[in-house]
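A look at the structure
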Amino acid sequence: MKIKASCLFLLALLATTCDSSGFDHFWLVQVWPSGYCLQANCPQTSDRFIIHGLWAVNVVDKTLPGTAGKGDPSIRPSIKPLRKDLMCYWLPLNENNLSRAENFWIYQWKKHGSAAKEFIQPRDYFQMALQLAKDTDLRNTLQNHGAVPILPDGGSYNKRDYKAAIKNKTGHDPLLKCVKGDDGISHLKEVIICVDDQAQSFIQCAKQKDRCYSDIMFDVPPRTN
Ligand SMILES: *[C@@H]1O[C@H](CO)[C@@H](O)[C@H](O)[C@H]1NC(C)=O
Ligand SMILES: *[C@@H]1O[C@H](CO)[C@@H](O)[C@H](O)[C@H]1NC(C)=O
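Because the structure is predicted, anything quoted here is derived from the model rather than measured.

So, how was this worked out
- Residues numbered from 1 in each chain as written.
- Chains lettered and ligands numbered in written order.
- Predicted model: local features only at pLDDT ≥ 70, side-chain atom pairs only at ≥ 80, totals over all residues.
- Heavy atoms only, no water.
- Salt bridge = Lys/Arg side-chain N within 4 Å of Asp/Glu carboxyl O.
- Helix = DSSP H or I, 4+ residues; strand = E, 2+ residues; numbered from the N terminus.
- Buried < 20%, exposed > 50% of the residue type's maximum accessible area, 1.4 Å probe, protein only.
- Disulfide = S-S within 2.5 Å.
- Near = heavy atom within 4 Å.
- Polar contact = N/O pair within 3.5 Å; in protein donor to acceptor, adjacent residues only side chain to side chain.
- Areas by Shrake-Rupley, 256 points an atom, 1.4 Å probe, with all protein chains shown as cover.
- Nonpolar A, V, L, I, M, F, W, Y, C, P; charged D, E, K, R; others polar.
- Contact = heavy atoms within 4.5 Å.
- 1 Å grid on protein atoms, 1.4 Å probe; cavity = no way out; pocket = protein on both sides within 12 Å on 5 of 7 lines; lining within 4 Å.
- Points joined across faces, edges and corners; volume = space filled by probe spheres on them.

Moving on, we come to the pattern of salt bridges. Going through the model one piece at a time under the given rule, you end up with 4 salt bridges. E102 is paired through a salt bridge with R83; the nearest N and O atoms lie 2.5 Å apart. On the criterion of sequence distance, the pair formed by E102 in helix α5 (residues 101–113) and R83 in helix α4 (residues 83–89) is long-range, its members being 19 residues apart. For E102, a relative accessible area of 15% gives the class buried. What makes R83 partly exposed here is its relative accessible area of 27%. For the salt bridge of D210 with K163, the shortest nitrogen-to-oxygen distance reads 2.6 Å. Here D210, found in the loop between β5 (186–195) and β6 (215–217), pairs with K163, found in helix α8 (residues 159–170); they are 47 residues apart in sequence, far enough to count as distant. Across the pair, K163 and D210 agree in class, each one buried.

Quick look at the structure:
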């Protein structure tokens, strides 16, 4: 604890990167497809928030590189029973051939999950990410848990209102990321929520700057059949 505390202190004091090394907790990163896809090529899309990943980070919220070796065939059986839910909540937006969806989830484990492999097994990793996405229920939370309803109607809402609604649900401030559109305004792209090392409870993130202006557009979702 002493090391962590002094590291945070140094970080605040010097605004420098402090290697406070090992795994500490996770980032649950969820994207709003209509915003995210302003910048990314998205053959897939959705009218709900989609998990980008559950990323292992250290105590100062720096993402950690994964450790699993190439291939890692042990993961496929963990994914198989969850496929239906994964397709709904963790849809690979950038993949045009969904028979290759598994590759994206395996990549997420290898790149971002395996750094925490002493704390969590792949099966739990995927299951917990799905559960957390359901629990945060972001679209509904933004609509119903704030002082004003925040709806994906192409309108702009105050950053504080987004954060307050989510905090009302999780107990802690989220981090927000935006895309600056050709129109020069912030569009909601990503919501980051910090969770503990078991991916079970919401926790406070280290202080980080949001990459959003104070007004954030909540773009309309795509039409679905
Ligand atoms: C989609 O991917 C699968 C598995 O890699 C492959 O067998 C299939 O031919 C691909 N389909 C298209 C339309 O590319
Ligand atoms: C928190 O959300 C509840 C609905 O679950 C709502 O009744 C309450 O007004 C909200 N509180 C604030 C401060 O917005």
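Read on for the rest.
Under the definition given, this model contains 3 disulfides. Between the sulfur atoms of C37 and its disulfide partner C42 the distance amounts to 2.1 Å. Linking C37 and C42, the disulfide has an S-S dihedral of approximately -90° and is accordingly described as left-handed. For C178, the disulfide goes to C212, at an S-S distance of 2.1 Å. Torsion about the S-S bond of the C178 and C212 cystine: about 95°, corresponding to right-handed handedness. Of this pair, C178 sits in strand β4 (residues 175–180) while C212 sits in the loop between β5 and β6; the two residues are 34 residues apart in sequence, bridging distant segments of the chain.

Before going further, it helps to spend a moment on the site of ligand 2. The full set of residues close to ligand 2 is N144, H145, G146, A147 and N168. H145 places a polar side-chain atom, nitrogen or oxygen, 3.1 Å from an oxygen atom of ligand 2. Interatomic distance of 2.4 Å between a side-chain N/O atom of N168 and an oxygen atom of ligand 2. Relative to its free-state accessible area of 360 Å², ligand 2 is covered by the protein chains to the extent of 37%. Broken down by class, the residue content of the shell around ligand 2 amounts to 1 nonpolar, 4 polar and no charged.

This next bit is on the site of ligand 1. All residues in the neighbourhood of ligand 1 are listed as N97, S99 and R100. Residue N97 places a side-chain N or O atom 2.3 Å away from an oxygen atom belonging to ligand 1. Relative to its free-state accessible area of 360 Å², ligand 1 is covered by the protein chains to the extent of 28%.

Counting through the fold element by element, S186 comes out in strand β5. The buried category is assigned to S186, whose relative accessible area is 4%. Of the polar contacts made by the side chain of S186, one reaches the backbone nitrogen of Y213; its length is 2.9 Å. Those residues in contact with S186 that lie beyond four places of it in its chain are C178, V179, C212, Y213, D215, I216 and M217.

This paragraph deals with empty space enclosed by the protein. A complete count under the given rule lists 2 cavities of 30 Å³ or more for this structure. By volume, the largest cavity is sized at about 60 Å³. Lining the largest cavity, in full, are V31, Y36, I51, H52, L91, P92, L93, N94 and F104. Broken down by class, the residue content of the lining of the largest cavity amounts to 7 nonpolar, 2 polar and no charged. One number sums up the size of the second largest cavity: a volume of about 30 Å³. Every residue lining the second largest cavity is listed: T170, H172, D173, P174, I193, C194, F202 and I203. Broken down by class, the residue content of the lining of the second largest cavity amounts to 5 nonpolar, 2 polar and 1 charged.

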